[in-house]
Amino acid sequence: MNKFRKSISITIWFIFLLSAFVYGQQDKLVPPEEFLGFKVGADFKLARWEQIVKYFNIVGNSSDRVLVRELGKTTEGNPFIMAVISDPQTISEREKYKNIQKRLADPRGLSEEEEKLLIKEGKTVIMVTCNIHSTEIASTQMAIELLYKLAVDDDSRTMEILKNDIILLVPSVNPDGVNRVVDWYYESLDTPWEGGRMPWLYQKYVGHDNNRDWYMLTQVETRILTKILYTEWFPEITYDIHQMGSGGARFFVPPFFDPVNPNVHPMIHESLKLIGGHIVTDLSAEGKTGVITNAIYDNWWHGGNRTSPYRHNMVGLLTEAASVRTASPIFQRKSELRGHSRGLPRYEAQVNFAEPWTGGWWRLRDIVDYEEITCYSIFTVAARYREMFLRNYLKIGREAIEKGETEPPFAYLIPEEQKDLPTALKMLEVLKLGGIEIHRANSSFIADEIKYPPETYVILLSQPYRNHVKDLLESQDYPERYLYPGGPAEPPYDMAGWTISFQMGVKCIPVVNRFDADLSIVDEIPSPKGEIINNASYGYVLKNKTNNDFILINRFFPEKGIEFYIAKEGFNISGNRFDPGAVIVNISNSSVKKSFERNAVSLGCELYGISVNPNVSTYRLKLPRMALYQSWAANMDEGWTRWVLEQFEFPYKSLRDAEIRAGNLRERYDVIILPSQGENSIVNGVAEFDMPPQYTGGITDLGVINLQDFVDRGGMLVCMDRSCMYAINRFNLPIKNIVGGLSTNKFYCPGSVLSIELNANHPIAYGMDKKSAAYFARSSAFSIVNEKKDEEILTTAKNTEVIAKYSDKVLLLSGWIIGADVIKSQPAIIETMFGEGKIILFGFKVQNRGQPHQTFRLLFNSIYYSGME
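Residues numbered from 1 in each chain as written. Predicted model: local features only at pLDDT ≥ 70, side-chain atom pairs only at ≥ 80, totals over all residues. Heavy atoms only, no water.

**Points about the overall build of the protein**
Operational definition: Put simply, DSSP H or I for four residues or longer makes a helix, DSSP E for two residues or longer makes a strand, and each gets a number counted from the N terminus. Only C-alpha atoms enter the radius of gyration, while the globule expectation follows 2.2 Å times N to the 0.38, with N the number of residues. Exposure classes here rest on a 1.4 Å probe applied to the protein chains alone. A residue is buried below 20% of its type maximum, exposed above 50%, and partly exposed in between. The contact definition used throughout considers only heavy atoms, calling two residues in contact when any of these lie within 4.5 Å. Methods summary: accessible areas were calculated by the Shrake-Rupley approach with a probe of 1.4 Å, and residue burial reflects only the protein chains presented. Neither His nor the chain termini are counted; the positive set is Lys and Arg, and the negative set is Asp and Glu. By convention, the charge on Lys lies at NZ, on Arg at CZ, on Asp at CG and on Glu at CD.
Tallying secondary structure elements over the protein gives 25 helices and 37 strands in all. What you see for the protein is a C-alpha radius of gyration of 28 Å, in line with the 29 Å of a compact globule of 869 residues. The burial tally for the protein puts 62% of its 869 residues in the buried class. Of the contacts formed within the protein by residues at least 6 apart in sequence, a portion of 81% connects residues at least 24 apart. By element, 49% of the accessible surface of the protein is carried by carbon and sulfur atoms, the whole surface being about 32,300 Å². Between the centroid of the 95 positive side chains of the protein and the centroid of its 106 negative side chains there is a distance of 2 Å.

Printed below as a string of structure tokens:
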């Protein structure tokens with residue numbers, strides 16, 4: 001019977017493709033079940049992305065209520081689509097309504113009469129985003145049925161929705177992941193791992209963290225939707241549809257749990273109560289139980305698809321449905337269900353959980369039903385309170401503008417004189433993409449009694465998205481919260497602090513007093529422009545202070561006629577000071593020289609021409625042969641590391657378990673990077689029967705021995721955050737993680753920005769200031785243990801060097817920390833010798849989520865360090 005079910009599923013997959021072709025040729029609108037060959041949400045059945053796109057296009061071509069647009073291509077080249085849904089007249093006049101939304105979003109210059117007319121004529125715009133997390137597959141399937149019903153139904157409720165709303169329906173925020181999940185699911189049917197996790201990320205680089213990217217905007221998909229949100233459609237309401245674990249409540253609905261972020265307007269919280277109450281009531285009326293509110297999820301953190309819109313004056317909704325095993329149903333007894341530490345101490349009825357689900361079968365169709373009912377509930381309340389939502393949207397924007405004129409800070413200043421101007425420009429680009437208005441000074445001006453030069457970038461806070469600016473550039477002060485008095489810390493939902501100017505190392509100055517300046521609006525953030533100083537008969541000196549310097553060097557490593565040397569000490573040339581780490585470039589090929597100069601200028605690098613080789617001790621830099629460990633226990637930190645390496649053009653090879661087990665690693669690599677991953681996961685990998693055999697087992701003890709051999713023979717092993725414990729334990733290092741195992745009421749630091757102090761003369765810290773910001777998320781702090789008697793260990797301890805330590809002064813820059821004294825002055829980055837090689841321990845993620853540009857250099861330097869001779 002099981003084999004029959006699997007063969008039927010595979011057959012249906014081909015029927016999907018055939019039916020899509022047939023109906024695509026006919027361009028005929030039919031119900032989803034006729035198009036797909038099964039009812040949406042049916043057990044063991046899923047539609048692939050090309051089927052969803054095809055059906056959306058059929059509906060768009062057949063209905064005058066629907067316009068389907070391809071907004072761009074995804075990371076891997078798939079179409080990213082959105083359906084605009086409303087009544088036919090609104091669809092035909094959509095540019096008019098876009099303009100209304102734009103004027104409501106920025107009410108500067110509107111008269112009272114114009115406001116009234118806009119509110120009278122406008123529609124409530126609602127963006128619905130499905131399936132950002134590809135394994136949370138129900139919503140992308142539900143979107144097919146929802147689109148069809150809105151396109152063909154003529155009941156009074158649908159007509160009311162279409163008359164008053166404009167719905168922007170995005171069937172998947174991560175199209176690349178849809179087919180990955182669907183195909184893996186069909187392959188897994190009738191196996192012990194049916195509906196289980198995949199051995200790879202469902203987004204090429206960031207996996208689940210694609211919903212952690214909504215202020216840094218690193219990924220293609222995030223940027224596509226950000227443009228729709230903040231420069232094109234300006235919706236009043238966004239609804240992001242998710243799934244959660246299946247161990248408790250069936251469905252989470254706003255409002256949210258504490259704490260309250262001061263940069264989220266109170267009216268947004270009140271709107272969430274209104275809409276959430278409407279949703280819960282509609283679900284209850286339909287007999288849907290197990291719905292929880294005011295629990296689990298909070299509104300503090302900024303970077304999600306529903307939380308970033310809050311800082312843009314939009315009401316951001318989230319629902320989380322209990323998951324099944326992809327499309328396979330699960331059976332749960334009530335006795336198996338549990339509460340949650342945030343808002344549901346026990347699985348029993350209480351005010352925010354009035355009707356507990358009593359257990360039984362839970363199916364994909366159940367999730368589809370809950371989500372579809374919720375969509376209609378949101379659309380209905382948005383239609384009936386249309387004028388209120390439009391008026392509130394305008395009011396919140398106006399209040400932001402007025403506060404920017406009456407309350408400090410009045411502006412943030414970003415001078416052009418930056419240690420790393422290209423990175424500062426990247427920060428400005430991110431802010432501008434997020435809808436922020438940026439000016440530039442036409443002449444010098446004085447602010448807070450300090451004179452600033454022309455060309456200084458000025459972000460005035462008197463603008464509609466003031467809260468977005470503040471929440472990214474000011475320090476966060478997360479309120480101390482405990483599960484109970486005297487008990488452990490209550491974990492925040494995600495980050496406690498994230499100030500991007502700290503993370504990126506950008507000089508950003510708040511202005512606390514009113515000031516006058518001659519400013520011009522910046523339409524486009526310029527590309528960095530480098531400079532070539534002096535004639536260069538021998539070559540150049542590169543100060544090696546900007547991250548783009550690494551791109552320049554990496555581009556020319558393969559070229560003949562060019563050599564790179566890194567200064568071990570500071571030196572002077574014609575009154576110009578160059579610090580340790582400056583790169584001396586010898587170029588003997590004239591065509592290479594010209595190309596090198598062009599690239600340097602376009603990347604914003606500064607070259608100082610020299611006629612002779614400086615008399616200074618140097619390392620010769622060769623191209624390191626680098627491998628990045630890629631576990632079959634798909635690891636987002638590995639994906640982020642890949643993304644960062646590729647942005648800065650570092651060549652690397654992904655290193656799988658089998659190659660580590662095979663050995664002879666030193667013959668192929670100079671440096672191996674272990675991204676943040678637990679020791680057990682590295683060694684033992686995915687458990688047997690959780691995946692097909694070829695993906696299970698980890699590097700094993702044999703791989704441990706081979707990595708030891710790699711380092712012993714002169715290789716470098718770079719460990720990030722959690723993987724440090726692998727090296728400490730498996731290489732028997734005289735080092736201890738002093739915060740490992742401590743209770744959270746003794747030490748706790750969840751997702752915060754801390755201050756570190758560096759030995760700037762160490763090659764790994766070349767180009768860094770003596771003080772830097774570091775991102776610490778339940779990370780590590782070390783101590784060097786010398787009391788062990790083993791002679792080999794004592795020898796290793798003597799060859800252990802601290803590269804950075806946590807500051808003993810102002811440690812917390814943004815976020816929350818309990819027990820700061822535990823890690824003050826303690827090592828954060830350590831180099832230790834092992835045989836002929838080196839092990840580098842980074843106690844924190846220097847590349848966390850592609851955000852802390854200031855500490856990228858530590859990773860890049862460590863790679864180069866492995867290639868220094």
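From this point, things continue past the structure.
**Some thoughts on the pattern of salt bridges**
We count it as follows: Salt-bridge detection follows one rule: a side-chain nitrogen of Lys or Arg within 4 Å of a carboxyl oxygen of Asp or Glu.
Applying the stated criterion to the full structure yields 61 salt bridges. Between Asp298 and Arg342 there is a salt bridge, with the nearest N and O atoms lying 2.9 Å from each other. Placement of the pair is Asp298 in the loop between strand 7 (291–292) and strand 8 (315–322) and Arg342 in the loop between strand 9 (330–333) and strand 10 (359–362), with a sequence separation of 44 residues. Each member of the pair, Asp298 as well as Arg342, carries the same accessibility label: buried. What you see here is one network of salt bridges that share partners, running through Glu145, Lys149, Lys288, Arg365, Asp369 and Glu372.

**Some thoughts on the pairing of strand 20 (residues 562–567)**
Formally: Being paired, for any two strands, means DSSP has found at least two bridges between them.
The sheet contact formed by strand 20 and strand 23 (residues 583–587) spans five bridges and is antiparallel. Residue pairing for strand 23: Phe564 is matched across the bridge by Val585. By the bridge criterion, four bridges tie strand 20 to strand 25 (residues 618–621) in an arrangement that is antiparallel. By the bridge assignment, Ala567 is partnered in strand 25 with Thr618.

**Remarks on the sheet that holds strand 8**
What counts here: Here, axes are lines fitted to C-alpha atoms. For helices the fit covers the stretch in contact, and angles between N-to-C directions go from 0 to 180 degrees.
With mixed pairing, eight strands are arranged side by side in an open sheet as 1-2-4-3-5-8-6-7. Every interior strand has two partners, whereas the edge strands, strand 1 (66–73) and strand 7, have only one. Relative to strand 7, strand 6 (residues 251–252) runs parallel, the two being bridged by two bridges. The residue bridging Phe251 from the neighbouring strand is Val291, located in strand 7. Contacts between helix 8 (residues 156–164) and the sheet are confined to strand 2 (79–85), strand 3 (124–129) and strand 4 (165–170), with strand 4 contributing the most and set at about 95° to the helix. Here helix 12 (residues 364–384) sits on the sheet and contacts strand 3, strand 4, strand 5 (237–244), strand 6, strand 7 and strand 8; the angle it forms with strand 5, its principal contact strand, is near 165°.

**Observations regarding helix 7 (residues 138–152)**
The condition is simple: Residue count minus one, scaled by 1.5 Å, sets the expected span of a helix.
Look at helix 7: 22 Å from first C-alpha to last across 15 residues, which is about the 21 Å you get at 1.5 Å a residue. By the criterion of burial, helix 7 is predominantly enclosed, with 13 of the 15 residues buried.

**Regarding the side chain of Thr222**
Heads up, the condition is: Here a polar contact is recorded for every N or O atom pair within 3.5 Å, except that within protein the pair must consist of a potential hydrogen donor and a potential acceptor, and residues adjacent in sequence are included only if both atoms are side-chain atoms.
Examined against the element boundaries, Thr222 turns out to sit in helix 10 (residues 220–233). Take Thr222: its relative accessible area is 2%, and that puts it in the buried class. For Thr222, the side chain forms a polar contact with the side chain of Asp213, separated by 2.8 Å. The contact partners of Thr222, leaving out residues within four places of it in the chain, are Asp213, Trp214 and Leu217.

Nothing here speaks to function; it is geometry throughout.
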